Amino acid sequence: MVEASSGRARVEKEIYRQGSFAVLEILLEGARVRLAGELPPLLPGTWVQGIFSSFEHPRYGLTYQVRALKEVEVSLEAAAWLEERLDLRRRPSEAVACEALKGNPMALAPFASSRRLQQILTDWPRIQNEYALLEQGLSPESARVLWRVDLGRLAQNPYLFVLEGLPLAEADQVAQRRQLQHLRPQGVVLVWLLEQSQQGHTLPDYSQPLPEGARPLVGSVIHQKGSRLGLERYFQSERTILDFFRRRALAPLRLTTPPSGLTGEQRSLWPLVERGHALLTGGPGTGKSFTCAALVEAAERARQEVLLLAPTGKAAVRLMELTRRGAHTIHAQLGWNGESFAHTAENPLQADLVVVDEASMADVELLASLVRALPPQAHLLLVGDADQLPPVGPGAPFQDLLRLSMPQVQLTQLQRRSQQHPVTLASYEIKAGRLPPLHNQPGLAWRLGKPIEAQAALLEDVRRLHQQGTRPQVLSPVYRGELGIDALNKALKEQLNPGGESLWLNGLPVAVGDPLIQLRNDYSLGLANGQMMEVEAVDRDTLLVRLDDSSRQHIPHQAVKHLRHAYAISIHRSQGSQWPHILIALSSEQGHFPNREMLYTALTRAQQSAWLYGDLEAYQAALTRRASQRETWLQQGV
């Protein structure tokens, strides 16, 4: 590190961003250099002032960091922004950039390859919209997320758009320009509701009086019930689900007689489904999948039209394997186009029986979209394990419907082949709050020790399994620490598939063969939170991946910000998937986050065997903690 000195620099472009950490290219003392650190979104052309000091970055070489950063002049330069946004060969003049933005994108032809120019022409309406949002004061990141936003609505009340990803600070900037500061209480309340929904709550308790300035939103954007507040859209979704389950199907469903191999518990599902909608739940080894397959066969023999669905691609593939029939994700079956569903109440699906597996993963908006699109004669069966973690999204409709005593069958009898399976038995021990036996046995192994020792053991086991032609899945509850997702991904990537240059994710290079996972819904690409994929090709502009339903997709480099390596993934995002071998990493340094439901969910992802790594105290402590119950309208408001 050299001596720090104060100076003034001009932002040229943003090279990399992960949360608040960013790497920028800046013009400092006449030289183009890199600036890295915790940096706010800054437009190309912005002048900043601060105390700059240099250091040697392992990837970028000579790099600067800055303290006491101040924006001293914000200047939106079209040419600089277009160069960065479109990855042009070189920067056009400001006159050429303005001509392009006024409606002549062909003016950029000398600055892009023919292939890149074709993509630019296709995306041009979006590029123009993004630039218009920049002119309103939004950051480049927000403009990319909100490019479909109506500028008139944004100008009337920018605070409504915090629900769509606009940071409160940027909404404040737009409001200040438009003299709408009096609307700020709405933004504060909406940010709080958004944070609550990210924790799964749809109707949490609001412990103070609702600000006067936020009251106009009640009934349109905000739902209020006593001291509880929620977003109106979640209330409408939960009410839609409840009304659907309370309403009888238009006519009984004809099914053939249950096969003789079913237990009394399993056979009791038939009359419930024949009468209307039902839920099927039970732990591992109780025969949920076998019962489902028998029910589907009984419906098809009675010449009923059956749809098999699941919340994720991996779960849909597994359902297809279990039933030997076609299965789809809910999004795909409803015809999601990146903005809306093709199938709605006005354009319903055609089916007599709809079966949704892994239904505990469906949040309130997804399940509501499905039931709205079902025809009056359709019977719905939701199948899942109520003891697993709730959905990644808001609400817990499957668990709530079970608590409301909707028609249901709970399977409790272990099937004969599951009665001695170590993973199945261990999962029931975890569910009851007890540790499974600590001695190693076929199908269940412990690797206890300090985090660094456990990581070394995990890496050795993964290496050995790969040599045997098997790819295990590593699960961890958190991102930080030696046994966290980030550290494990880094170590596993270096061990199993080193290399990759043109594209980096979270500090790791991307190479052909890398498993990846999507961390947020990206409706423009049709990628759902938790979607897994494998890299098949990387070029200058795009990433070619094979999704977990075996389809292939090109992802532009600009759209990869929510992708991460998936050698290790979170337990929450493993729901709906199963792998032959599961490796679970837990340590005391992960704090109070791991709980009993998390361990149970992780263990039940294993089809053949499970390895448990870390320190014994962490597992014992996790068993004493329970997943917090979500505050929902179905639970609180009904």
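This structure is a prediction, so every number in the text was calculated from the model and none was measured. (Residues numbered from 1 in each chain as written. Predicted model: local features only at pLDDT ≥ 70, side-chain atom pairs only at ≥ 80, totals over all residues. Heavy atoms only, no water.)

**A closer look at the packing of helix α1 (residues 78-86) against helix α2 (residues 94-101)**
Point 1. At a minimum axis distance of 8 Å, the contact between α1 and α2 shows a crossing angle of 70 degrees. Comparing the axis directions of α1 and α2 gives the class roughly perpendicular. The segment α1 lies against α2, with A78, A79 and L82 engaging E94, A97 and L101.
Point 2. Among the residues forming the contact of α1 with α2, the class breakdown is five nonpolar, no polar and one charged. (Axes fitted to C-alpha atoms, helices over the stretch in contact; angles between N-to-C directions. Helix = DSSP H or I, 4+ residues; strand = E, 2+ residues; numbered from the N terminus. Parallel < 35°, antiparallel > 145°, perpendicular 65-115°, else oblique. Contact = heavy atoms within 4.5 Å. Nonpolar A, V, L, I, M, F, W, Y, C, P; charged D, E, K, R; others polar.)

**Some words on the packing of aromatic side chains**
Point 1. Counted according to the given criterion, the structure contains six aromatic pairs.
Point 2. Relative to Y619, the ring of W446 lies with its centre 5.2 Å away and its plane at 75 degrees, an arrangement referred to as edge-to-face. On the criterion of sequence distance, the pair formed by W446 in strand β14 (residues 444-448) and Y619 in helix α20 (residues 616-624) is long-range, its members being 173 residues apart. The residues W446 and Y619 share a single accessibility class, namely buried. (Phe/Tyr/Trp six-rings, centres within 6.5 Å; stacked < 30°, edge-to-face > 60°. Buried < 20%, exposed > 50% of the residue type's maximum accessible area, 1.4 Å probe, protein only.)

**Focus on the pairing of strand β2 (residues 21-28)**
Point 1. The element β2 is largely enclosed, with a buried count of six among its eight residues.
Point 2. Note that β2 and strand β3 (residues 31-38) share eight bridges and pair antiparallel. Within β3, the position partnered with L28 by the bridge is A31.
Point 3. Between β2 and β3, which pair antiparallel in sequence order, lie two residues; one of them, E29, sits at a positive phi of approximately 55 degrees. (Pairing = 2+ DSSP bridges.)

**Re the nonpolar core**
Point 1. Core analysis: the biggest nonpolar cluster contains 83 residues, and L82, L370, L380 and L382 have the highest contact counts within it.
Point 2. Here the element with the most residues in this core is helix α3 (residues 114-135); it accounts for seven residues.
Point 3. With sequence-adjacent residues up to four places away left out, L82 is seen in contact with D87, L88, A97, L101, L108, W124 and I127.
Point 4. Counting 29 residues, the second-largest nonpolar core is a separate cluster that includes A426, W579, I584 and A622. (Core = buried A, V, L, I, M, F, W, Y, C linked by side-chain atoms within 4.5 Å.)

**What about the pattern of salt bridges?**
Point 1. By the definition in use, this model includes 27 salt bridges.
Point 2. The shortest N-O distance in the salt bridge between E25 and R32 comes to 2.4 Å.
Point 3. With relative accessibility at 49%, the residue R32 sits in the partly exposed group.
Point 4. Bridged by salt links that share partners, the residues R471, E534, E536, R546 and R552 form one connected network. (Salt bridge = Lys/Arg side-chain N within 4 Å of Asp/Glu carboxyl O.)

**Digging into the pairing of strand β21 (residues 552-556)**
Point 1. By the alternation rule, side chains of β21 split into Q553 and I555, which are all buried, and R552, H554 and P556, of which none is buried.
Point 2. One ladder, built from five bridges, connects strand β20 (residues 542-547) with β21; its direction is antiparallel. Residue pairing for β21: L543 is matched across the bridge by I555.
Point 3. Hairpin geometry of β20 and β21 is characterised by an intervening segment of four residues between the two adjacent antiparallel strands and by a positive phi of about 80 degrees at S550.

**A few points about the sheet that holds β14**
Point 1. With parallel pairing, five strands are arranged side by side in an open sheet as β14-β25-β24-β15-β23. At either end of the open sheet lies a strand with only one pairing partner, and these are β14 and β23 (568-570). Going from strand to strand, the sheet's axes swing by 25 degrees on average, the running direction of each strand aside.
Point 2. Bridge count for strand β15 (residues 473-476) against β23 is three bridges, and the pairing is parallel. Residue S476 lies in a different strand from β23, and its bridge partner there is S570.
Point 3. Sheet strands in contact with helix α19 (residues 596-603) are β14, β15, β24 (579-586) and β25 (606-614), and its direction is about 150 degrees off that of β24.

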